[in-house]
Amino acid sequence: MGEFSFGRKYRLQHRKEFDRVFASRVRAGDDVLLVYGAPNLLGHPRLGLTVSRKLGKATFRNRWKRLIREAFRLNRRQLPQELDLVVIPRAGVQPQLDRVTQSLIQLAWQVRRKWDRRQRTEEKHPGSG
RNA sequence: UGCGUCUGCCGAGGAAGGCGCAUCCAGGCUUGGCAGCGAGGGUCCUUUGCAGAGGAAAGUCCGGGCUCCAGAGGACAGGGUGGUGGGUAGCACCCACCGGCCGCGAGGCUAGGGAAAGUGCCACAGAGAACAGACCGCCGAAGGCCUCCGUCCCCGCCAAGGUCGGUGGCCAGGCAAGGGUGAAACGGUGAGGUAAGAGCUCACCAGCAGGCUGGGUGACCAGCCUGGCUCGGCAAACCCCACCCGGAGCAAGGCCAAGCAGGGAGGAGGUGAAAGCCGUGAGGCUUUCCGCGGGCUGGUCCGGCCCGACGGACUCCCGGGUAGGCCGCUACCGCGCCUCGGCGCAAGGAGGAGUCGGGCAACCGGCUCCCCAGAGAAAUGGCCAUCCCCCGGUCUUGCCUGCCCCGGGGACAGAACCCGGCUUAUCGGCUCACUCGUUUU
RNA sequence: CGCGGGGUGGAGCAGCCAGGUAGCUCGCGAGGCUCAUAACCUCGAGGUCGCGGGUUCAAAUCCCGCCCCCGCAA
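None of these values were measured; they are calculated from a predicted model.

Thresholds applied
Every chain begins its residue count from 1, and numbering advances along the sequence as written. Just so you know, chain letters begin at A and ligand numbers begin at 1, following the order they were written in. Reporting in this predicted model follows two pLDDT cut-offs: at least 70 for local features of residues, and 80 or more for side-chain atom pairs to be given and counted; totals over whole chains, interfaces and linings ignore these cut-offs and use all residues. To get the side-chain values, take all heavy atoms of the structure and skip hydrogens and water. In plain words, nonpolar cores are sets of buried Ala, Val, Leu, Ile, Met, Phe, Trp, Tyr and Cys residues tied together by side-chain atoms within 4.5 Å. The rule is simple: take the accessible area with a 1.4 Å probe, protein chains only, and divide by the maximum for that residue type; under 20% is buried, over 50% is exposed, in between is partly exposed. Elements are defined by DSSP. Helices are runs of H or I of four residues or more, strands are runs of E of two residues or more, and each kind is numbered from the N terminus. Residues count as neighbours in contact if any of their non-hydrogen atoms are within 4.5 Å of one another. In this scheme, patches are assembled from residues that exceed 30% relative accessible area and form no salt bridge. Like charges are connected within 9 Å, while nonpolar side chains (Val, Leu, Ile, Met, Phe, Trp, Tyr) are connected within 5 Å. To measure how exposed things are, a 1.4 Å probe is used in the Shrake-Rupley method; for residues, cover is taken only from the protein chains shown. The rule for a salt bridge is simple: a side-chain nitrogen of Lys or Arg has to be within 4 Å of a carboxyl oxygen of Asp or Glu. For the purpose of charge, His is not counted, nor are the chain termini; Lys and Arg are scored as positive and Asp and Glu as negative. A charge is said to be at NZ when it belongs to Lys, at CZ for Arg, at CG for Asp and at CD for Glu. Two aromatic rings, drawn from Phe, Tyr or Trp (for Trp, its six-membered ring), form a pair once their centres lie within 6.5 Å of each other, and the interplanar angle then sorts them: stacked below 30 degrees, edge-to-face above 60, tilted otherwise. Here, a charge over a ring is recorded when the distance from Lys NZ or Arg CZ to the ring centre is within 6 Å and its angle to the ring normal is within 35 degrees. One less than the number of residues in a helix, times 1.5 Å, gives the span that helix is expected to have. Working definition: the arc comes from the directions between the helix axis and the C-beta atoms, pointing outward to the latter.

## Overview of the nonpolar core
By size, the foremost hydrophobic cluster in this structure holds 35 residues, and its most contacted members are Leu 33, Trp 64, Ile 68 and Val 87. Listed by contribution, the elements that provide at least two residues to this core are helix H1 (15-23), strand E2 (33-39), strand E3 (46-49), helix H2 (58-74), strand E4 (83-89) and helix H3 (97-124). The leading source of residues in this core is H3, at 7 residues. When neighbours within four sequence positions are excluded, Val 87 is seen to be in contact with Leu 33, Leu 34, Val 35, Leu 47, Gly 48, Leu 49, Thr 50, Ile 68 and Leu 104.

Structure below.
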């Protein structure tokens, strides 16, 4: 039953969790979304949202959040596991579910690959971390 | 039938299904590691049943509740409101009425007290702008000068001079009716009057002030009499008058857990009174009162409170810790029962629905029924499939209507302590009353 | 969520409280000076005073309502 669920364990809820993801400086973006990411040890991804007031009024911002959550919920199995994501929508774009889904999956995997490369270079040069 | 004015109201696409969110309750698991505690939190599974955004939730423009500021008291300052009467917990809101302005009209707008308490301002233009003024203009009677004519005096006649009368010009001077300026120029019409004129005088009208009568709770309205003839506008300028207002705000405020480290600077004294104790004594000490001084009271003062010599009330500066949770928070509370955690009853509120009564209305009162989001990186959205509603297109045809099919659309907008209003944004529909015009009968 | 401050030529500001003329510096354009450029001198253009109402004869200014920008904190 839990394949499409979106309980609290799949969300970032505290400032410390957000700060950890932003502090890693690992991100990927296209013209729809900007995604920050950092690996976790939980065995599943987690989602956090940052929607600026510059995007629009409250109803418009809520629509963005709901669509991004829906894209995350319906495609959780296709995302990299063990990754915390913070998703920021771009200004001036009309939110659409298929575009958000496509961007989210692509950008999450880009973040995942950047972390893999960083891990390999740290294994080759263990003193530079 | 067209152009308009206006009253009241409804919905916020609907129905049902799935995924998912999410509130309450019960149980299990867990809390970076180790041992213990667990304010509380997180998560999972199952079950139960019930709720789950708005008319503006918005802007934060007013008014309250609630909480804290020392128990919030008086005066001043400051701020707000501004026709009258009513409604209300209260308001800058609502209703009714009055006055003014606009509109042919139905109607609309209206911060609408006081300018004969005081101060100030009224640019430019214009002659003159506040108890004003004389540019053009009108007059120039009485007064002065000049020109010309007539008359009379002097005289034989003329001239000159003088007297009286007249024509014309200039001046002193008079006037404010007309022109022109301006947003605004000390009333309008007519007659008398005069050198020309003028409320200078009179009649009527308009306006002002005072008084009386009648109507209305009142703002005010109607009528009559008297007066002086005139006395501008701006108080959303200061101000005066009447009424109202202490300040901050749920990030208020209370509590729990965890954690830390403090340091520096400034900072006020009388020997006045009483009592007690010590001392042979000069005197010393303690308490209380008085006086003085310092400080706090989030504008000031009074009032109130705290403190006053090796210890300090209070103020300022530097530095350190926390950024978690609970209550407030939405039905607690009260009463009863009991296994002390719940259950039942009842209550609650400027609450909603219905109904009856009062009132022109806003609104009020009685009765019956209902219990209505409580999240906390923030929930109702989104997606999938079906039907109905709205708009456009297409298909047989010149037009209309209906069906099928295709396409598109359903606005403004998201609770964050809670109410009452206002303002602003915005989709669709229903409805009451009425004006002006056109056509027909 | 609550509370403050501001919007004036291209840029940064004055003027607003006590209403009648929108001003200053830099920049821009033309001319002069110079062999030339800069500097300097002279002249000039450029402003719906955020928007809409109201008060007033008259509003950047006073009053009301909206829009936008910036700041503060338990």
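## Considerations on a positive patch on the surface
A surface patch of like charges, here positive, comprises Arg 25, Arg 27, Arg 90, Arg 113, Lys 114, Arg 117 and Arg 120. Looking at the positive patch element by element, the count peaks at 4 residues for H3. Counting through the fold element by element, Arg 90 comes out in the loop between E4 and H3. When its relative accessible area of 32% is taken as the criterion, Arg 90 is described as partly exposed.

## What about the packing of aromatic side chains?
If you walk through the whole model with that rule in mind, you get 0 aromatic pairs. When the ring centre of Trp 115 is taken as reference, the NZ or CZ atom of Arg 118 above it lies at 4.7 Å.

## A short note on H2
Here H2 is 17 residues long and its end C-alpha atoms lie 24 Å apart, about the 24 Å a rise of 1.5 Å per residue gives. Considered for burial, the residues of H2 that qualify are Arg 61, Trp 64, Leu 67, Ile 68, Ala 71 and Phe 72. One side of H2 carries all its buried residues, which in axial view fall inside an arc of 135°. In H2, the exposed positions that point more than 90 degrees away from the buried face belong to Thr 59 and Arg 66.

All quantities given are derived from atomic positions and should not be read as evidence of function.
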